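# Inside the fold
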Amino acid sequence: MKAIAQDAYGSADVLQLRDVDQPSIGADQVLVQVRAAGVDPGVWICMTGRPYAARVAFGLTKPRVAVRGRALAGVVTQVGADVQGFQPGDEVYGTTSSGTFAEYAAVSSKRLAPKPPRLSFEEAAAVPISGVTALEGVRGRVKAGQKVMVIGAAGGIGSFAVQIAKAFGANVTGVCGTSKVDLVRSLGADEVIDYTREEVDRDGPRYDVIIDTAGCRPLSLLRRALTPRGTLVLAGGGHDAGGLFGGYTRQMRAPLLSLFTSQNLQGLTSHERAQELEELSQLIESGKVTPVIDRTYPLADAPAAIRYLAEGHPAGKVIIKI
């Protein structure tokens, strides 16, 4: 089968479209014919091996998994002996650690859910990582009537977070650049701050919850926009900031700082499970959440897709169509 793979860490130049073996599946897995795959900062991290601390998980000298990508949408072609609830022909979406920039992928049935009928394969591939991260950032923290700020509101995670927070009944302020103000308003944001003109603390300690998906502002600045007992959620960490931990040092410092303040400062680690996908499917089918697609690339142009992601902040998700 065709796949985008690499043998060494580096820039997008290390990626190659080549023939690899079709994956075999275990008893609790299904084989999915991939129709679309999502591009996210995690793909960039696995490709470059940066921040360097990530190599402990992904391979010290080269990637343990050669094929890139984690999020997918596609059609089940084979099911393992212990799998229940899926059969060949089912349209599904989910994640796998074995690579999704490929014609086929082996996926654990616990990380897979039926694709929402309302979505195309390209739209569905945008959901499993960014949508789940946004859901877990909002759920259990945001209550109806609260004032919520989403920083990076036009990005992959942020565009979902704005819609989910609105679905939970919050008053939402989105933060984005000038060119994306109209998009963020269309997602349902009650207010929009253009960060090129005003900073997030312009109104003082106003927000009950701040979800920061951009990963660059100092904690001290974010705390000035937070109510005395508010919650700061750090989702994303400036993956390209350099150093051993990159921009993720904020997420490491936040819980320690929380010990000395009434504010709740926390990093976010999402769980890629079927139950979150099923909850998102309900929000999607109700019309409360719709994925935002910035650009779609064919499989052969996956390196260009990752370069585009790395150059700035796309409006929504970047997708590989297979």
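This text follows the structure it describes.
The paragraphs below set out a description of the structure included in this document. (Residues numbered from 1 in each chain as written. Predicted model: local features only at pLDDT ≥ 70, side-chain atom pairs only at ≥ 80, totals over all residues. Heavy atoms only, no water.)

### Things to note about the packing of aromatic side chains
Taken as a whole, this structure holds 0 aromatic pairs when the rule is applied. In this arrangement the basic side chain of Lys115 is found over the ring face of Phe121, its NZ or CZ atom lying 5.1 Å from the centre. Above the face of the Tyr308 ring, Arg295 is positioned so that its terminal group lies 3.8 Å from the ring centre. (Phe/Tyr/Trp six-rings, centres within 6.5 Å; stacked < 30°, edge-to-face > 60°. Lys NZ or Arg CZ within 6 Å of the ring centre and 35° of its normal.)

### Observations regarding the sheet that holds strand 9 (residues 171-176)
Ordered in space as 10-9-8-11-12-13, the 6 strands form an open sheet in which the pairing is parallel. The open sheet is flanked by strand 10 (191-194) and strand 13 (264-267), the only strands paired with a single partner. Across the sheet, the axes of successive neighbouring strands diverge by a mean angle of 15 degrees, strand direction being ignored. Where strand 12 (residues 226-234) meets strand 13, 4 bridges bridge the pair, whose relative direction is parallel. By the bridge assignment for strand 13, Leu234 is matched with Gly267. (Pairing = 2+ DSSP bridges. Helix = DSSP H or I, 4+ residues; strand = E, 2+ residues; numbered from the N terminus. Axes fitted to C-alpha atoms, helices over the stretch in contact; angles between N-to-C directions.)

### Observations regarding the pairing of strand 5 (residues 91-95)
Summarising burial for strand 5: 4 of the 5 residues are buried, a large majority. Where strand 4 (residues 71-79) lies against strand 5, 5 bridges are found, and the strand directions are antiparallel. Among the inter-strand pairings, Ala73 is bridged to a residue of strand 5, identified as Tyr93. For strand 5 and strand 7 (residues 112-114), the ladder comprises 3 bridges, and the chain directions are antiparallel. Paired with Val92 across the bridge in strand 7 is Pro114. (Buried < 20%, exposed > 50% of the residue type's maximum accessible area, 1.4 Å probe, protein only.)

### Considerations on the packing of helix 4 (residues 127-138) against helix 9 (residues 274-285)
Interaxial distance between helix 4 and helix 9 falls to 10 Å at its minimum, and their mutual angle equals 90 degrees. In terms of orientation, helix 4 lies roughly perpendicular with respect to helix 9. Contacts between helix 4 and helix 9 involve Val127, Pro128, Gly131, Val132, Leu135 and Glu136 from the former and Glu276, Leu277, Glu279, Leu280 and Ile284 from the latter. Grouping the constituent residues of the contact of helix 4 with helix 9 by class yields 7 nonpolar, 1 polar and 3 charged. (Parallel < 35°, antiparallel > 145°, perpendicular 65-115°, else oblique. Contact = heavy atoms within 4.5 Å. Nonpolar A, V, L, I, M, F, W, Y, C, P; charged D, E, K, R; others polar.)

### Comments concerning the environment of Pro298
On the secondary structure map, Pro298 appears in strand 14 (residues 293-298). Owing to a relative accessible area of 42%, Pro298 belongs among the partly exposed residues under this scheme. A sequence separation of 24 residues divides Pro298 from Ile322, and the C-alpha atoms of the two residues are 6.2 Å apart. For Pro298, the contacting residues outside a window of four places in its chain are Ile320 and Lys321.

### Here we look at the nonpolar core
Inside soluble globular proteins, nonpolar side chains tend to come together where they are buried. Counting 45 residues, the largest nonpolar core has Tyr93, Ile164 and Leu280 as its most contacted members. Setting aside residues no more than four positions away along its own chain, Leu280 makes contact with Tyr93, Val127, Gly131, Val132, Leu135 and Ile164. Residues Leu15, Val43, Ile45 and Ile320 belong to the second largest nonpolar core, which totals 20 residues. (Core = buried A, V, L, I, M, F, W, Y, C linked by side-chain atoms within 4.5 Å.)

### Here we look at the pattern of salt bridges
This structure, assessed with the given rule, holds 23 salt bridges. The residue Glu122 makes a salt bridge to Lys321 at a minimum N-O spacing of 3.7 Å. Note that Glu122 is positioned in helix 3 (residues 121-125) and Lys321 in strand 15 (residues 317-321), a separation of 199 residues in sequence. When salt bridges with common partners are traced through the structure, they connect Glu136, Arg139, Arg273, Glu276 and Glu279 into a single cluster. (Salt bridge = Lys/Arg side-chain N within 4 Å of Asp/Glu carboxyl O.)

### So, helix 9
Its 12 residues give helix 9 an end-to-end C-alpha distance of 16 Å, which sits within 8% of 16 Å, the value for a rise of 1.5 Å per residue. Of the residues making up helix 9, those classed as buried are Ala274, Glu276, Leu277, Leu280, Ser281, Leu283 and Ile284. Close packing links the buried residues of helix 9 with strand 5, strand 7, helix 4 and helix 5 (156-167). Count one or two residues on from helix 9 and you reach Gly287, which has phi positive near 85 degrees. (Expected span 1.5 Å × (residues − 1).)

### Quick look at the environment of Thr296
Looking at the secondary structure, you find Thr296 in strand 14. For the pair formed by Thr296 and Pro41, sequence separation is 255 residues and the distance between their alpha carbons is 16 Å. In this view, Thr296 contacts Glu122, Ile319 and Lys321; residues no more than four positions away in its chain are not counted.

### Remarks on a nonpolar patch on the surface
On the surface, Leu256, Leu259 and Phe260 cluster together to form a nonpolar patch covering roughly 410 Å² of accessible area. Note on placement: Leu259 falls in the loop between helix 8 (249-258) and strand 13. Overall, the relative accessible area of 65% leaves Leu259 in the exposed class. (Patch = residues over 30% accessible without salt bridge, like charges linked within 9 Å, V, L, I, M, F, W, Y side chains within 5 Å. Areas by Shrake-Rupley, 256 points an atom, 1.4 Å probe, with all protein chains shown as cover.)

### A word on helix 10 (residues 302-311)
Along helix 10, the residues classified as buried are Ala302, Pro303, Ala305, Ile306, Tyr308 and Leu309. Looking at the buried side of helix 10, the elements it contacts are strand 1 (2-5), strand 3 (29-39), helix 1 (41-48), strand 14 and strand 15.

### Concerning unusual backbone geometry
The step from Arg50 to Pro51 runs through a cis peptide bond, and the omega angle for that step is -5 degrees. Turning to its location among the elements, Pro51 is positioned in the loop between helix 1 and helix 2 (55-58).

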